[in-house]
Amino acid sequence: MKKRITALTLALVMVLGLAAVAASGDKTVSVTPMNMTINGQAVTPTKSDGTPAEVFAYDGATYVPLRYLSELLGIQVEWDPTAPNTAKLVNMPMKYTGTSVGMQGPVAVEMTVMDGKITNVAVTESKETAYLADVAMERIPAQMVEHQTTTVDAVTGATMASNAIMRAATNAAKAAGLDTEKLKANAYHAQPGQAETWDTDVLVIGGGGAGLSAAISAAQNGAKVILIEKSSFLGGNTFMAGGAFNAVDPEAQATRILSQSEKNTLDGYLKLTKKDADLHFDLFPEWAPVLDQLQKDIKAHYDANKGKTAEKDMPGFDSIALHMWHIYTGGLRQMADGSWTASDIDLARTLAENALDAYEWTGTLGTVKTASRANAPLSTVLGAMWQRTHTHPTKEVRILDLKNAAEKEGVTIYTETAGTELLTKSGKVVGAKAQKADGTPITINTAKGVVLACGGYCANPAMVKEYDEYWGDNLSATTLSTNAGTNTGDGIKMAMAIGADTVDLGVAQMMPSSSPLKGTMTDGIWADAAEQLWIGADGKRFVDEYAERDVLAKASMEQPDGIFYIIYAGSAMREGKDKCQGTSYTAGGMGGTVQSMVEGGHIWYGKDLKELAEATKTPAGGATSSFTEQQLRDVIEQYNSYVLAQNDPDFHKGNLKGYIDLEYIESHDDVGICISPRKASLHHTMGGVKINTDAEVIGTNGKTIPGLWAAGEVTGGVHAGNRLGGNAIADIFTYGRIAGKSAAGK
């Protein structure tokens, strides 16, 4: 390398020059910055303290201090103890840093180089989600050293993190003066191994919540189970999702007080009749008896609590019929062609009746116990329509508990193994073909059959757009998504290839409160849906924040650039207070603390409205709108008045909470108010393969396909045109458990 040649030249001049200094007389010494040529490029090196490195000119010769060889060039000078004027030069390992940007922020790589070879690569800085990027962080640096390259295979499920590591390593290699073309020529790509054949009773394709629960359930019912997962990590969308789990829980309801706005909603249900055209009982007459039952349930609750008043001493209310009613009305939607879709009543009933039991079942599987019955604090996740949301463990805590429970039951788990084709014999599914990430083909034979639990297709916006019958021009083939990148519709395609029927492929859900920059449910902070306050670019409310998600998304898309803003001042419900009294700078939000999100340029924060308004003058989260102090004060005070009156004359919000105590906040320096810019992105596909209440897949001939079951987002029919917030987690565990039991033959 030119760098090493330059280093040797300088070193020889230095050694010879030392002797010259010792022998010479009294002459002038000049000190100047060191100028070097590395790979044809002029460089002025600096010392470790940041100041320019100097060279000394004396009597026509140039001298370099010994320490510079080590500090600047990675060369150790070793003196011969038997010959004081003799030294040898030894190359030392040198470390170089390169940076890039991943999904969540900067990624830095430190590369160690010696004698022109990469001896170590380490990721020294990363904001990538650790659990998702763990394999990439470990595997890619090791492969770079082994194969002397900065180009290797991206890790499935961690593509952006993988590419960021490779870009950062390439930049480090450039800083080291390595031949980047040679590094590219050494690119490493894993090669397929010999074909393999596995045998099992039940194969589960997909390692998210539905797949893991199906695998556990099948094993608990005596089956030998193999689970394969396309990604390098388990979890899928269940890892990406929050901890909202809807379940009818009368005992928990009895511990809270019914709000006046909730009672108004129940009173409205009592006024409904089967003749109401908006209910579309002419198209879906099977749902009419649910309204009858709901009205009976509400009257029974009122009778049981005579003399009690909402907001004061009347307990909360819920029932199977109410949850079913919300599933029906929340998912009853008209398609672009004028047709209507509604949830399958049997699937909806199965979900409503079994969700609480499934919730408690998950609490027996791991270290984090679920709380239900009288101990469950209930909330309303965005788009849930009622305060029945239970808290469930999230992210790797939930997934590792499920993984450990599965392995405890004897389930064999393979990651980076994608199902590619279902195998049939005489009309029965008898296994599947799969492929490892390195291309190794696998045939998996099953004695009992296959459970599809490999998610929907929101990470495949082109597929969403292809089937879309609802969003029209509001959706494109490049729309961002909250999903794990592996949710591309593989299971649906495999099932369709053997004659499975599908339902509602034309409807996908948009998550309104997503990051405008990433599409993920990160980089923001908000409270229970009842407490949320949304404003548009004009500083005014524009929607009922308690509405269904598609209603919210459509309203948000009418805003400039599709961006709106959530005002957050703490959560009175979560903190057990009557009013929201601000949030601290260190409070946690979706993907970080308030401080980290402010510093990352994602949200705004102010200790009072004046400071908050000033903060909005700096763009954040992809948004350029700004607000005046008066705009913010007006909208907050107006919303507060609606909360006090328990009446929203503008948008008729179904549950009014979240009074923001401006007097308290603006008189306490330790709290403030946040604004999070948000924009809708693809979140959930309601359509998928058709199933019955035993999770058996239905063929296009109307009959079940022997040996094939499905659960979770790969299925359709449960949610129809719009899924309620909090129903997805309930769905995957309820039907995952059912699918596993059915597949085991119990």
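Provided above is the structure to which this section pertains.
Keep in mind it's a predicted model, so treat the numbers as computed, not measured.

**Digging into the overall build of the protein**
Assigned secondary structure in the protein consists of 22 helices and 32 strands. Counting every position in the protein, which comprises 746 residues, the buried fraction comes to 55%. Long-range pairs, those at least 24 residues apart, make up 70% of the contacts in the protein between residues at least 6 apart in sequence. As displayed, the protein offers around 30,700 Å² of accessible surface, 50% of which is attributable to carbon and sulfur atoms.

**A look at the sheet that holds strand E8 (residues 94-101)**
The strand order across the open sheet formed by three strands is E8-E9-E10, and the pairing between neighbours is antiparallel. Of all strands in the sheet, those with a lone pairing partner are E8 and strand E10 (117-126), marking the two edges. Taking the axes of each pair of neighbouring strands and ignoring which way they run, one obtains an average angle of 25° across the sheet. Taken together, the eight bridges between E8 and strand E9 (residues 106-114) define a ladder with antiparallel strand orientation. Bridge pairing links Met94 to Val113 in E9.

**Notes on the pairing of strand E11 (residues 196-205)**
Bridge count for E11 against strand E20 (residues 441-452) is nine bridges, and the pairing is parallel. Note that in E20 the partner of Glu196 across the bridge is Ile442. Relative to strand E12 (residues 225-228), E11 runs parallel, the two sharing four bridges. Bridge pairing in E12 links Ile205 to Ile228. Assessed by its sense of winding, the connection that carries the chain from E11 through helix H6 (residues 209-220) to E12 is right-handed.

**Observations regarding the pattern of salt bridges**
All told, the structure shown has 22 salt bridges when counted by the stated rule. One salt bridge in this structure joins Glu196 and Lys436, with 2.9 Å as the shortest N-O distance. With a gap of 240 residues between them, Glu196 in strand E11 and Lys436 in strand E19 (residues 428-436) connect regions that are remote in the sequence. A relative accessible area of 27% means that Glu196 is categorised as partly exposed. Here Arg333 and Asp550 are joined by a salt bridge, their closest N and O atoms 2.4 Å apart. Taken together, the residues Arg333 in strand E14 (residues 333-334) and Asp550 in helix H16 (residues 549-557) connect sequence positions 217 residues apart. Across the pair, exposure class does not vary: Arg333 and Asp550 are buried alike. Sharing partners across several salt bridges, the network here consists of Arg541, Glu545, Asp648 and Lys653.

**Side note on helix H9 (residues 260-270)**
Those residues of H9 that sit buried are Ser261, Glu262, Leu266 and Tyr269. Around the axis of H9, the buried residues are gathered within 145° of arc, so they sit on the same side. Buried residues along H9 sit in contact with helix H10 (288-304) and helix H11 (320-331).

**Brief notes about the sheet that holds strand E29 (residues 688-690)**
Overall, mixed pairing links the three strands, which are arranged E21-E29-E32 in an open sheet. Looking at which strands have only one partner, the edges of the open sheet turn out to be strand E21 (502-503) and strand E32 (715-716).

**Regarding helix H22 (residues 727-743)**
The end-to-end C-alpha distance of H22 is 23 Å, a good match for the 24 Å that 17 residues give at a rise of 1.5 Å each. The element H22 is largely enclosed, with a buried count of 15 among its 17 residues. At the exit of H22 stands Gly745, carrying a positive phi of roughly 90°.

**Points about the environment of Ser126**
Inspection of the secondary structure puts Ser126 in strand E10. Sequence spacing of Ser126 and Ala164 is 38 residues, and the spatial spacing of their C-alpha atoms is 9.7 Å. In contact with Ser126, other than residues within four places in its own chain, are Pro106, Val107 and Met137. Engagement of the side chain of Ser126 in a polar contact is seen with the backbone nitrogen of Glu128, the distance being 3.1 Å.

**What about the pairing of strand E18 (residues 417-425)?**
Where E18 meets E19, eight bridges bridge the pair, whose relative direction is antiparallel. For Leu422, the partnering residue across the bridge sits in E19 and is Ala432. Between the end of E18 and the start of E19, which pair antiparallel, lie two residues, with Ser426 showing a positive phi angle near 55°.

**Here we look at the nonpolar core**
Of all hydrophobic cores here, the largest spans 120 residues; its most connected members are Ile205 and Leu452. No other element matches the ten residues that helix H12 (residues 345-362) contributes to this core. Each residue touching Leu452, except ones within four places of it in the same chain, is listed here: Ile205, Leu422, Gly491, Met494, Ala495, Leu708, Trp709, Ala710, Ala711 and Val714. Core analysis: the next-biggest nonpolar cluster, separate from the first, contains 29 residues, Ala569, Ala623, Tyr642 and Val643 among them.

**Focus on the side chain of Ser100**
Assignment of secondary structure puts Ser100 in strand E8. By relative accessible area, which is 14% here, Ser100 ends up buried.

**What about unusual backbone geometry?**
Of note, Ser426 is a non-glycine position whose phi angle comes to about 55°, a positive value. The residue Ser426 is located in the loop between E18 and E19 in this model. Assessed through its relative accessible area of 80%, Ser426 is described here as exposed. Despite not being glycine, Asp504 shows a phi value in the positive range, around 60°. In this structure, Asp504 sits in the loop between E21 and strand E22 (508-514).

**A few points about the packing of aromatic side chains**
Evaluated as defined, the whole model comprises 18 aromatic pairs. Judged by centre distance (6.2 Å) and plane angle (15°), the ring pair of Phe281 and Tyr328 falls under stacked. With Phe281 in the loop between H9 and H10 and Tyr328 in helix H11, this residue pair connects regions lying 47 residues apart in the sequence. With respect to class, Phe281 is no different from Tyr328; both count as buried.

**Details of the packing of H12 against H22**
Direction vectors running N to C along H12 and H22 enclose 85°, while the axes themselves pass 8 Å from each other. The angle between H12 and H22 falls in the class roughly perpendicular. Residues Asp346, Leu347, Thr350, Leu351, Asn354, Ala355, Asp357, Ala358, Trp361 and Thr362 of H12 touch H22, and the partners they reach there are Asn727, Ala730, Asp731, Phe733, Thr734, Tyr735, Arg737 and Ile738. When its residues are assigned to classes, the contact of H12 with H22 shows nine nonpolar, five polar and four charged.

**Some remarks on the packing of H9 against H10**
Running from N to C, H9 and H10 point in directions that differ by 130°, and their axes come no closer than 9 Å. Considering their axes alone, H9 and H10 lie oblique with respect to each other. Pair H9 / H10 crosses with left-handed handedness. Residue-level inspection shows Lys263, Leu266, Asp267, Tyr269 and Leu270 of H9 in contact with H10, the latter providing Leu291, Leu294, Gln295, Ile298, Lys299 and Tyr302. For the contact of H9 with H10, the per-class residue count stands at seven nonpolar, one polar and three charged.

Conventions and cut-offs
- Residues numbered from 1 in each chain as written.
- Predicted model: local features only at pLDDT ≥ 70, side-chain atom pairs only at ≥ 80, totals over all residues.
- Heavy atoms only, no water.
- Helix = DSSP H or I, 4+ residues; strand = E, 2+ residues; numbered from the N terminus.
- Buried < 20%, exposed > 50% of the residue type's maximum accessible area, 1.4 Å probe, protein only.
- Contact = heavy atoms within 4.5 Å.
- Areas by Shrake-Rupley, 256 points an atom, 1.4 Å probe, with all protein chains shown as cover.
- Pairing = 2+ DSSP bridges.
- Axes fitted to C-alpha atoms, helices over the stretch in contact; angles between N-to-C directions.
- Right-handed = clockwise from strand over helix to strand, strands pointing away.
- Salt bridge = Lys/Arg side-chain N within 4 Å of Asp/Glu carboxyl O.
- Arc of directions from axis to C-beta.
- Expected span 1.5 Å × (residues − 1).
- Polar contact = N/O pair within 3.5 Å; in protein donor to acceptor, adjacent residues only side chain to side chain.
- Core = buried A, V, L, I, M, F, W, Y, C linked by side-chain atoms within 4.5 Å.
- Phe/Tyr/Trp six-rings, centres within 6.5 Å; stacked < 30°, edge-to-face > 60°.
- Parallel < 35°, antiparallel > 145°, perpendicular 65-115°, else oblique.
- Nonpolar A, V, L, I, M, F, W, Y, C, P; charged D, E, K, R; others polar.
- Left-handed = near helix turned anticlockwise from the far one by under 90°.

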